[in-house]
Amino acid sequence: MKGRALVVEDDAALRRSLQVGLEDLEFEVDAVASGADALSTLERADVDVVLTDLNMPGMNGIALCERVVEARADIPVVVITAFGSLETAVAAIRAGAYDFVTKPIELDSLALVLTRAVQHRKLSEEVKRLRSLADAGSAHELIGDSPPVAEVRERLARMAGTDSTVLITGESGTGKEVAARALHRLSKRASGPFIAVNCAAVPETLIESELFGHEKGAFTDARGARMGLLAQAEGGTLFLDELGELPLAAQAKLLRALQERVVRPLGGTREMPFDARILAATNRDLERAVEEGQFREDLFFRIHVLPLELPPLRTRGADVLLLAQHFLREFARRSDKAVTGIGQATAERLLDYPWPGNVRELMNCVEHAVALARFEQITPEDLPTRVRSYKRSHVLVAGENPDELVKLEEVERRYILRVLEAAGGNKRMAARILGLDRKTLYRKLERYGVS
């Protein structure tokens, strides 16, 4: 069913006509003859939208709208007005009505208005629910209650009981370090240190010293001995972010350190044992990097013991609003601004946007919105232009012209490219969606001229 509507109409014939027509359009309908009967129904029934005539004996539609807004502000009210009566339409909106329709009533147009009203109510309820969940979250937790995140949490719980190496994959900005910290916090090493290093951010000339340490005089600027991160993580967890950017020479030394569980500082002659769990993350396709000679195959298999793939934000549904509310509360606190919520129109924009930058982009978007906010709720005008003005595109597999007839090979090409676009360019994910072997997908993309 599209929702439960309460029809309030004193004309018995019109009331019956509206009830039957809306039921044919898959609404569940309660129909009453007066405003008093409507208020009585609302006390005992959960209704998604109220549709009321304006001119009724006793309590008219405007008065009923005011009473509903006062008692049940969560239920939208749609008012039926006379054709061309702008004054009464404005009065209805001022009384708190969600929308109005004019006589003579076109059933399809009415159904569209009621559907939007029902969706508005459901979205409002979802925002409130997610706000309460976000209030209980922390900056170091994997926030969300969508099925993809529930699956990640379940895998994290199972992985926490072992010291095996975990390779966390996913698009940039999906929260790989957050997942790594959650895994450390759940493990028996939680009381030990959690040390994170971004392999892409350390110059190639320094990465070996950073990981393995060095002795005094090992190189020009080595004025004293330094303990490497593998040793510093003793009893805890070392998180190697952007592992795919590690130089090949450092990869060979890291492989030996992981196999032997010992580390030799640069310029040193002694090997020292270390006890740290290794977590690694990358947004690169390491299997492709192995094929291209950019990543050692033996290190890949040493790291790829327990794989954990994080879902992109666009697949997580209402988690977008949950995360947005969490970030809103945090940025409002930092800036000491009285911004407490997200408006309905804003929530719709956030849900429509595909978030190519994932959670990181959403966080930056909310920080931008809080900084510009003028009211207690974020409005669409507070959002960055790319989010505020985004319009979902609908691409026909057969082409822009639905009457266009093309070869089956061309249909396949367009569909593969459409899936790849939806997957944010992630070829591994696209291959899984398409049910293709990864190498087969690469061959097809090369034939299409896609790098």
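Residues numbered from 1 in each chain as written. Predicted model: local features only at pLDDT ≥ 70, side-chain atom pairs only at ≥ 80, totals over all residues. Heavy atoms only, no water.

### Considering the side chain of Thr81
Our working rule: Helix and strand definitions follow DSSP, with helices as H or I runs of at least four residues and strands as E runs of at least two, each counted in order from the N terminus. In what follows, residue pairs with any heavy atoms lying within 4.5 Å of each other are defined as contacts.
Structurally, Thr81 can be placed in strand S4 (residues 77-81). In this structure Thr81 touches Thr88, Ala89, Phe100, Val101, Thr102 and Lys103, once residues within four positions along its chain are discounted.

### Quick look at the confidence of the model for the protein chain
We apply this condition: Confidence of the predictor at the level of single residues is captured by pLDDT, which takes values from 0 to 100.
Residue-level pLDDT values for the protein chain average 86, and 90% of them are 70 or greater. Here residues 133-140 is a poorly scored stretch, pLDDT under 50, and it has 16 contacts once near neighbours within four places are set aside; other chains count.

### A short note on the nonpolar core
Keep this limit in mind: Think of a nonpolar core as a cluster: buried Ala, Val, Leu, Ile, Met, Phe, Trp, Tyr and Cys residues, connected wherever their side-chain atoms sit within 4.5 Å. Per-residue accessibility, obtained with a 1.4 Å probe over protein chains only, is compared with the maximum for each type, and a residue is labelled buried under 20%, exposed over 50%, and partly exposed between these values.
Counting 31 residues, the largest nonpolar core has Leu230, Leu238, Leu240, Leu243, Leu246, Leu254 and Ile303 as the members making the most contacts within it. Contributions of two or more residues to this core are made by strand S7 (194-198), helix H8 (207-212), helix H9 (229-232), strand S10 (237-241), helix H10 (248-260), strand S13 (277-282), helix H11 (286-291) and helix H12 (297-303). Considering each element in turn, this core owes the most residues, five residues, to H10. Every residue in contact with Leu230, bar those within four places of it in the chain, is listed here: Leu211, Phe212, Leu238, Ala257, Val263, Phe274, Ala276 and Ile278. Counting residues in each nonpolar core, the second largest holds 28 residues, with Leu123, Ala347, Val359 and Ile378 among its members.

### Let's talk about the packing of helix H6 (residues 147-159) against helix H7 (residues 176-186)
Any two packed helices are characterised by the angle at which their axes cross and by the distance between the axes. Threshold: Only C-alpha atoms enter the line fits that serve as axes; for helices the fit covers just the stretch in contact. Angles between N-to-C directions range over 0 to 180 degrees. Each angle is binned into one of four classes, with values under 35 degrees roughly parallel, values over 145 roughly antiparallel, values of 65 to 115 roughly perpendicular, and all other values oblique. Working rule for handedness: look at the near helix, and if it is turned counterclockwise from the far one by less than a right angle, call the crossing left-handed; if clockwise, right-handed. Polar here means any residue outside two lists: the nonpolar Ala, Val, Leu, Ile, Met, Phe, Trp, Tyr, Cys and Pro, and the charged Asp, Glu, Lys and Arg; Gly therefore counts as polar.
Contact geometry of H6 with H7 gives a least axis separation of 9 Å together with a crossing angle of 40 degrees. As judged from the angle between their axes, H6 and H7 are oblique. Judged by the sense of rotation from one axis to the other, the crossing of H6 with H7 is right-handed. Counted together, Leu156, Ala157 and Met159 of H6 and Ala179, Ala182, Leu183 and Leu186 of H7 form the full contact between these two elements. Residue classes in the contact of H6 with H7 are distributed as seven nonpolar, no polar and no charged.

### Quick word on the pairing of strand S5 (residues 99-102)
Applied cut-off: For two strands to be treated as a pair, DSSP must find at least two bridges joining them.
Residue alternation in S5 divides its side chains into a buried set, Asp99 and Val101, and an unburied set, Phe100 and Thr102. Across four bridges, S4 lies against S5 in parallel orientation. Its bridge partner lying in S5, Thr81 is registered against Thr102.

### Quick notes on the pairing of strand S2 (residues 28-32)
Defined as follows: Throughout, right-handed denotes a crossover for which the path from the first strand over the helix to the second runs clockwise when the strands point away from the viewer.
Direction of pairing for strand S1 (residues 4-8) relative to S2: parallel, over a ladder of five bridges. By the bridge assignment for S2, Leu6 is matched with Asp30. At this point the chain moves from S1, through helix H1 (residues 12-24), to the parallel S2, and the crossover so formed is right-handed.

### Side note on the packing of aromatic side chains
Rules: When the centres of two rings from Phe, Tyr and Trp lie within 6.5 Å, Trp using its six-membered ring, the rings pair. Their planes under 30 degrees apart give stacked, over 60 give edge-to-face, and anything left gives tilted. Counted as over-ring charges are cases with an Arg CZ or a Lys NZ within 6 Å of the ring centre that also lie within 35 degrees of the ring normal.
All told, the structure shown has four aromatic pairs when counted by the stated rule. When the centroid spacing of 6.2 Å and the interplanar angle of 25 degrees are considered together, the rings of Phe194 and Phe239 count as stacked. On the criterion of sequence distance, the pair formed by Phe194 in strand S7 and Phe239 in strand S10 is long-range, its members being 45 residues apart. For the residue pair Phe194 and Phe239, the accessibility class agrees, reading buried in each case. Ring centres 5.4 Å apart and planes at 65 degrees place the aromatic pair Phe300 and Phe301 in the edge-to-face group. What makes Phe300 buried here is its relative accessible area of 7%. Within the aromatic cluster, the residues linked to one another by ring pairs are Tyr353, Trp355 and Tyr390. Over the ring of Tyr442 we find Arg288, and its NZ or CZ is 4.0 Å from the ring centre.

### Overview of the side chain of Thr174
Here is the rule: Whenever two N or O atoms come within 3.5 Å, that pair is a polar contact, provided that in protein one can donate a hydrogen and the other can accept it, and provided that, for residues adjacent in sequence, both atoms are side-chain atoms.
Locating Thr174 in the fold gives a position in the loop between strand S6 (166-169) and H7. Residue classification places Thr174 among the buried residues on the basis of a relative accessible area of 3%. Engagement of the side chain of Thr174 in a polar contact is seen with the backbone oxygen of Glu171, the distance being 2.8 Å. Setting aside residues no more than four positions away along its own chain, Thr174 makes contact with Leu310, Pro311, Pro312, Asn358 and Val359.

### Observations regarding the packing of helix H2 (residues 35-44) against helix H3 (residues 61-71)
Where H2 meets H3, the axes come as close as 10 Å, and the angle between the chain directions of the two elements is 15 degrees. In terms of their interaxial angle, H2 and H3 are classed as roughly parallel. H2 and H3 meet at a crossing whose hand is right-handed. Facing Gly35, Ala38, Leu39 and Leu42 of H2, the residues of H3 in contact are Leu64, Arg67 and Val68.

### Topic: the environment of Ala196
Note on placement: Ala196 falls in strand S7. The spacing of Ala196 and Leu64 is 132 residues in sequence and 60 Å in space, taken between C-alpha atoms. Filtering out sequence-adjacent residues up to four positions away, Ala196 remains in contact with Glu177 and Phe239.

### Examining the sheet that holds S6
Ordered by their spatial adjacency, five strands build an open sheet running S7-S10-S13-S6-S14, and the pairing between neighbours is parallel. The sheet is open, and its two edges are formed by S7 and strand S14 (306-309), each paired on a single side. Across the sheet, the mean angle from the axis of one strand to that of its neighbour is 20 degrees, orientation sign disregarded. Taken together, the four bridges between S10 and S13 define a ladder with parallel strand orientation. Bridging across to S13, Leu238 finds its partner in Ile278. Running at roughly 155 degrees to S14, H6 makes contact with S6, S13 and S14 of the sheet.

### As for H6
In plain terms, the rule: Expected span of a helix: the number of residues minus one, times 1.5 Å. Here the arc refers to the set of directions running from the helix axis out to each C-beta atom.
The terminal C-alpha atoms of H6, which comprises 13 residues, lie 18 Å apart, in line with the 18 Å expected from a rise of 1.5 Å per residue. Residues of H6 that are buried: Val149, Val152, Leu156 and Met159. When H6 is viewed along its axis, its buried side chains cluster within an angular range of 85 degrees and face the same direction. Turned more than 90 degrees off the buried face of H6, the exposed positions are Pro147, Glu151, Ala157 and Arg158. Lining the buried residues of H6 we find S6, H7, S13, S14 and helix H13 (319-335).

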